[in-house]
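Residue-level structural notes
Chain by chain, the residues:
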Amino acid sequence: YDAATSFRPGARFGPKAIREASVQLAELLAFPDGIDPFKTLAVTDYGDCELDYGFHGNIVSEIENHADTILDSGVEMLTFGGDHFVTYPLLRAHAKKHGPIALVHFDAHTDTYSNGSRYDHGTMFYHAPMEGLIDVEHSIQIGIRTDFDQSKHEFAVIDAMAANDLSAQTIAEQILARVGELPVYVTFDIDCLDPAFAPGTGTPVCGGLTSDKVLKILRALKGVNMVGMDVVEVSPSYDQSELTAIAAATIASELLHLW
Ligand code: MN
Ligand code: MN
């Protein structure tokens, strides 16, 4: 789904590109720990969520119901977007199961733009706290480098300038301290990465994180009480040499290792 995109659409083809790019990751065990997550975890590719483009008003409930079906069977989800809006119905499904969740949000944008009642890929985290889906007091955003109203902002923020100066270990410690014992949902908007590492996305912003920094942060989150995760906003038509898709597949793989 990519009809909630504000600028460049195309993220509906993100899952296909991430799957294709993931094939090369299967050849060798993961660096640096040599872990094969598929020896420990029972993982299945559940396929795509079918959406009726003729009924945009049903998109939220269709994704939410699809996620409910999966979660109710007793398994957990790693979801590929799609534009970032898909995280909103996913959070609804996860909060139903786990209660208010601590959100660990990697992004160039806060996605807390209020804009009244709008539902698009920049307003999910304005609506989610008001619906009790996430606990902002335990939520944190990493990589932000677009303007937001700091006086009203309740999420903790490690903006891109700070993130590029701090060590991955320090960032991970701040994340772990913020989320505490709450169930954690990790949402990774690929535009957290600098456009040099992820050009294929809807709203790229210069001055982002390196893929090296991001992978080190994720590895240092060992022990986090993760209950759900997604990787979103990969838009293959703007990609070059599968750079963005490979980055997304590697981040998704790292999340499985973390699991
Ligand atoms: Mn973004
Ligand atoms: Mn986003």
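Figured I'd write up the structure that's included with this text. (Residues numbered from 1 in each chain as written. Chains lettered and ligands numbered in written order. Predicted model: local features only at pLDDT ≥ 70, side-chain atom pairs only at ≥ 80, totals over all residues. Heavy atoms only, no water.)

The expected angle between donors at a tetrahedral four-coordinate metal is 109.5 degrees. At an octahedral six-coordinate metal it is 90 or 180 degrees. Looking at the metal site, the manganese ion (ligand 2) is ligated by His 84 (ND1), Asp 107 (OD), Asp 111 (OD) and Asp 189 (OD), spaced 2.1 to 2.2 Å from it. Sequence positions of the donors to the manganese ion (ligand 2) reduce to the motif H-x22-D-x3-D-x77-D. Between the two metal centres, the manganese ion (ligand 2) and the manganese ion (ligand 1), the spacing is 3.3 Å, with Asp 107 acting as a shared donor. One end of the pair, His 84, is in the loop between strand S1 (77–80) and helix H4 (87–98); the other, Asp 107, is in the loop between strand S2 (102–106) and helix H5 (124–130), and 23 residues separate them in sequence. (Donors = N, O, S within 2.8 Å, 3.2 Å for Na, K, Ca; no water. Helix = DSSP H or I, 4+ residues; strand = E, 2+ residues; numbered from the N terminus.)

The next thing to look at is the nonpolar core. Formed by 45 residues in total, the largest nonpolar core has its most connected members in Val 104, Phe 106, Ile 142, Ile 175, Ile 190, Ile 251 and Leu 255. For this core, the element with the highest residue contribution is helix H9 (residues 243–258), accounting for nine residues. Those residues in contact with Ile 251 that sit more than four places away from it in its chain are Phe 188, Ile 190, Leu 193, Val 214, Leu 215, Leu 218 and Val 231. The next biggest cluster of nonpolar side chains, apart from the first, holds 26 residues, and it includes Ile 59, Leu 91, Ala 95 and Val 136. (Core = buried A, V, L, I, M, F, W, Y, C linked by side-chain atoms within 4.5 Å. Buried < 20%, exposed > 50% of the residue type's maximum accessible area, 1.4 Å probe, protein only. Contact = heavy atoms within 4.5 Å.)

This part covers the packing of aromatic side chains. Here the structure, examined in full by the defined rule, presents four aromatic pairs. Ring centres of Phe 106 and Phe 188 lie 4.8 Å apart, and the angle between their planes is 20°; on these two criteria the pair is classed as stacked. Highlighted residues: Phe 106 in strand S2 and Phe 188 in strand S5 (residues 184–189), separated in sequence by 82 residues. Chaining the aromatic ring pairs together yields one cluster made of Tyr 1, Phe 85, Tyr 88 and Tyr 119. (Phe/Tyr/Trp six-rings, centres within 6.5 Å; stacked < 30°, edge-to-face > 60°.)

Honestly, it's all geometry; don't read function into it.
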